[in-house]
Amino acid sequence: MNRDINVLALAYLGDSIYEVHIRKYLIQKRICNVNELQKEAITYVSAKGQASFLNKMINDNFFTEEEINVIHRGRNHKSHKSPKNTDIRTYKEATGFETLIGYLYINDKKDRINDIMNYILEG
């Protein structure tokens, strides 16, 4: 993994890429009411949702060794930010997930992002 890119910058990018995929999916499901869209999106994009998907994928041996290393780097990064709506473990797991998405995106591995999204959305 390119260590020149800050882990939190990758997580920041990954969060936005992931959220776009989720929003697109929900709109394609014909959810048109903005309040409903937001309520449904939270189940996917919240730290709790991301950590849950991450742990299920880890348990299913979905990730490559390289991807696990990226997840661990993101999860173990020391942050000075306190999570608002979740415990620190869940927050760190979600950060690891977001870091992976950012890493894959920045390295032009969009097919792998699609694999992850298909696993989450069709699981």
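For the structure, see preceding data.
Here we summarise the structure given alongside this text. As the structure is a computational prediction, the values presented were derived from the model and not from experiment.

About the thresholds
Residues numbered from 1 in each chain as written. Predicted model: local features only at pLDDT ≥ 70, side-chain atom pairs only at ≥ 80, totals over all residues. Heavy atoms only, no water. Helix = DSSP H or I, 4+ residues; strand = E, 2+ residues; numbered from the N terminus. Buried < 20%, exposed > 50% of the residue type's maximum accessible area, 1.4 Å probe, protein only. Contact = heavy atoms within 4.5 Å. Phe/Tyr/Trp six-rings, centres within 6.5 Å; stacked < 30°, edge-to-face > 60°. Lys NZ or Arg CZ within 6 Å of the ring centre and 35° of its normal. Core = buried A, V, L, I, M, F, W, Y, C linked by side-chain atoms within 4.5 Å. Expected span 1.5 Å × (residues − 1). Arc of directions from axis to C-beta. Polar contact = N/O pair within 3.5 Å; in protein donor to acceptor, adjacent residues only side chain to side chain.

Tracing the sequence through the fold places Asp 15 in helix 1 (residues 7-28). A relative accessible area of 26% places Asp 15 in the partly exposed class. Distance in space between the C-alpha atoms of Asp 15 and Gly 102 is 7.4 Å, their sequence separation being 87 residues. Not counting residues within four places of it along the chain, the set of residues in contact with Asp 15 comprises Gln 50 and Glu 98.

Within this structure, the stated rule accounts for five aromatic pairs. Taking the centre distance of 5.4 Å and the plane angle of 90° together, the rings of Phe 62 and Phe 63 count as edge-to-face. The exposure classification of Phe 62 matches that of Phe 63, with both residues buried. Taking the centre distance of 5.0 Å and the plane angle of 55° together, the rings of Phe 62 and Tyr 119 count as tilted. Note that Phe 62 is positioned in the loop between helix 3 (47-59) and helix 4 (65-76) and Tyr 119 in helix 6 (residues 110-122), a separation of 57 residues in sequence. In this structure an aromatic cluster arises from ring pairing among Tyr 25, Tyr 44 and Phe 53. A cation sits over an aromatic face here: Lys 110 above Tyr 105, 4.7 Å from the ring centre.

Our focus in this paragraph is the nonpolar core. Core analysis: the largest hydrophobic core is formed by 28 residues, its most contacted members being Tyr 18, Ile 22, Tyr 44, Phe 63, Leu 100, Ile 116 and Ile 120. Secondary structure elements with two or more residues in this core: helix 1, helix 2 (34-45), helix 3, helix 4, helix 5 (88-106) and helix 6. No other element matches the six residues that helix 6 contributes to this core. In this view, Ile 120 contacts Tyr 18, Tyr 44, Phe 53, Met 57 and Phe 97; residues no more than four positions away in its chain are not counted.

What follows deals with helix 4. Two residues of an α-helix separated by three or four positions point the same way, owing to the 3.6 residues in each turn. Between its first and last C-alpha, helix 4 extends 16 Å over 12 residues, near the 16 Å set by a 1.5 Å rise per residue. For helix 4, the complete set of buried residues consists of Glu 67, Val 70, Ile 71, Arg 73 and Gly 74. Viewed end-on, helix 4 has its buried residues packed into an arc of 160°, placing them on one side of the element. Buried residues along helix 4 sit in contact with helix 1, helix 3, helix 5 and helix 6.

Compared with an ideal rise of 1.5 Å per residue, which puts 12 residues at 16 Å, helix 2 spans 16 Å between its outermost C-alpha atoms and is within 8% of the ideal. Inspection of helix 2 places Leu 37, Ala 41, Tyr 44 and Val 45 among the buried residues, and these make up the whole buried set. Seen from one end, helix 2 has its buried residues packed into an arc of 70°, which puts them on one side. In helix 2, the exposed residues that point more than 90 degrees away from the buried face are Asn 35 and Lys 39. On its buried face, helix 2 sits against helix 1, helix 3 and helix 6. Its side-chain oxygen 2.8 Å from the backbone nitrogen of Asn 35, Asn 33 forms the N-cap of helix 2.

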